[in-house]
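Residue-level listing of the chains:
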Amino acid sequence: MADPIDINWLRKTFDDDSVLVELYTMYVGDTTKRLAELHAALDAQSATQCSRTAHALKGSSGNIGAGAMRELAARLEKHDWTADPAAGAALVQALDSEFARVRDFVDQFTATAPVAK
Amino acid sequence: MNTSISTADWASAAPRQSVLIVDDSPTDLLYLTRVLERPDRHVISASSGEEALQVLKGFECALVLLDIHLDGLNGFETAEKIRAQERLRHLPIIFITATLREQEHVFRGYDAGAVDYLFKPLEANLLRSKVNVFCELSAQRVVIQEQLKEIQAKNEVLHRQIEEIKTLRGLVPICARCKNVRDDSGFWQTIEAYVCDHSEAEFSHSLCPECTNVLYPGLHIHSAARTAQH
């Protein structure tokens, strides 16, 4: 199974791994809040809010190289809730699971990488 | 006046530039900041359209990178409000979006005043290049404005000098006996004083041959000088 984050995506841009640590840490905090928003939108059955939050997740996931998160968020953004609400809920669950992998990966990475200046 | 400046000098001639980035994602704001920051650049973050408009009240920015999906004022509405201000009418805006590749959205962006459109995930090198170009253009604009001010100031001085020359060319009343002249304020003064006041000419003391003959009849300085030349 591929890593949840492609480190080379950011290393192409930044030659200092401490910047990657800073960005991944921000992403984990940001995404934790976004997923909470997503669950709230799911509970409230707000397709619009689900789509908005998924859109934001898609953008930030793409920018830091979290390809699978980006893919799931993109599918959720376009999801037709009226046609298949169960599939929408499954996508949210899949995002939760993928994010757990991302968090573990970031924890491991930050434990070995240099501290941000 | 030296008005030439090489392309390499534009950045150093202009003050430190500011780039405003507007995005409601803290991750994307941090990413953009790290991609764009340079010692000669000030990257300012705003997390909403409203905050961006506040920032623009206090900062002269070279460029705005504006996300379209924002809570409150969206990117299009924010751009329209920026464009509506005379001071910011020509401020370049680059729209950023994670979707909306459809033509109608892109057209709406250009209608709202976008100079470019970028899609997430952002390709950092492309973004840097684009931002560098707009910053360089902005630096050139600042230097040109400074030079324009300098030229205008010099023009004013020239106009004043031309007015003074015109005064010298006008009709000047001169006394038929003592040869004093009357100035613009009605005061009579010697013609030397008048010319000195109205030009940069100066007079040195000397004697013409006729006056020399009258004052020193036995002295033949001028004829001696002429003879020496032959």
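Residues numbered from 1 in each chain as written. Chains lettered and ligands numbered in written order. Predicted model: local features only at pLDDT ≥ 70, side-chain atom pairs only at ≥ 80, totals over all residues.

Draft legend 1. Focus on the overall build of chain B. Scanning chain B for helices and strands turns up 9 helices and 7 strands. A total of 230 residues make up chain B; the buried ones form 23% of that total. Sequence-distant contacts in chain B: of pairs separated by 6 or more residues, those separated by 24 or more amount to 58%. (Helix = DSSP H or I, 4+ residues; strand = E, 2+ residues; numbered from the N terminus. Buried ≥ 20, exposed ≤ 12 C-beta atoms within 10 Å, placed from the backbone. Contact = placed C-beta atoms within 7 Å.)

Draft legend 2. Fine view of the interface of chain B and chain A. Contacts between the two partners involve 16 residues from chain B, matched on the other side by 16 residues from chain A. With 7 residues, helix 2 (residues 26-36) of chain B is the single largest residue contributor to the side of chain B that touches chain A. For the side of chain B that touches chain A, a count of residues per class yields 8 nonpolar, 4 polar and 4 charged. (Nonpolar A, V, L, I, M, F, W, Y, C, P; charged D, E, K, R; others polar.)

Draft legend 3. Seen up close, the packing of helix 2 (residues 17-43) of chain A against helix 5 (residues 85-112) of chain A. Residue and element names in this part refer to chain A. It is the contact of helix 2 with helix 5, at a shortest axis distance of 10 Å, that shows an interaxial angle of 160°. In terms of axis orientation, helix 2 runs roughly antiparallel to helix 5. Where helix 2 crosses over helix 5, the handedness of that crossing is left-handed. Of the residues in helix 5, those in contact with Val21, Tyr24, Thr25, Val28, Thr31, Leu35, Leu38, His39 and Leu42 of helix 2 are Ala89, Val92, Leu95, Asp96, Phe99, Arg103, Val106, Phe109 and Thr110. (Axes fitted to C-alpha atoms, helices over the stretch in contact; angles between N-to-C directions. Parallel < 35°, antiparallel > 145°, perpendicular 65-115°, else oblique. Left-handed = near helix turned anticlockwise from the far one by under 90°.)

Draft legend 4. Layout of the pairing of strand 2 (residues 41-46) of chain B. Residues and elements named next belong to chain B. Relative to strand 2, strand 1 (residues 17-22) is paired through 6 bridges, and the arrangement is parallel. Of the residues in strand 2, the one forming a bridge with Leu20 is Ile44. In this fold, strand 1 hands off to helix 2, which returns the chain to strand 2; that crossover is right-handed. (Pairing = 2+ DSSP bridges. Right-handed = clockwise from strand over helix to strand, strands pointing away.)

Draft legend 5. Just the nonpolar core, in detail. The biggest cluster of nonpolar side chains holds 56 residues, and the ones touching the most others in it are Leu23(A), Met69(A), Leu63(B), Val64(B), Leu65(B) and Ile93(B). For Met69(A), the residues in contact, after removing those within four places along its chain, are Leu57(A), Ser61(A), Leu95(A), Glu98(A), Phe99(A) and Val102(A). (Core = buried A, V, L, I, M, F, W, Y, C linked by C-beta atoms within 7 Å.)

Draft legend 6. A look at the packing of helix 4 (residues 67-77) of chain A against helix 5 of chain A. Residues and elements named next belong to chain A. Relative orientation of the contacting elements helix 4 and helix 5 amounts to 165°, with a least axis distance of 10 Å. It follows from the interaxial angle that helix 4 and helix 5 lie roughly antiparallel. Crossing of helix 4 against helix 5: the hand is left-handed. Contact residues: helix 4 offers Ala68, Met69, Leu72, Ala73, Arg75 and Leu76, while helix 5 offers Gly88, Leu91, Val92, Ala94, Leu95, Glu98, Phe99 and Val102. Taken together, the residues of the contact of helix 4 with helix 5 sort by class into 11 nonpolar, 1 polar and 2 charged.

Draft legend 7. Structural detail: the environment of Lys120(B). Summarising the element assignment, Lys120(B) is placed in the loop between strand 5 (114-119) and helix 6 (124-169). In this structure, the C-alpha to C-alpha distance between Lys120(B) and Thr99(B), residues 21 residues apart in sequence, is 7.7 Å. Leaving out residues up to four positions away in the same chain, Lys120(B) has contacts with Gly59(A), Gly62(A), Asn63(A), Ile96(B), Thr97(B) and Ala98(B).

Draft legend 8. A look at unusual backbone geometry. The peptide bond linking Lys120(B) to Pro121(B) adopts the cis configuration, its omega dihedral lying at 0°. Phi angles above zero are rare outside glycine, and Gln45(A) is one such case at about 55°. With 11 C-beta atoms counted inside 10 Å, the residue Gln45(A) sits in the exposed group.

Keep in mind that these numbers describe shape and distance, not what the molecule does.
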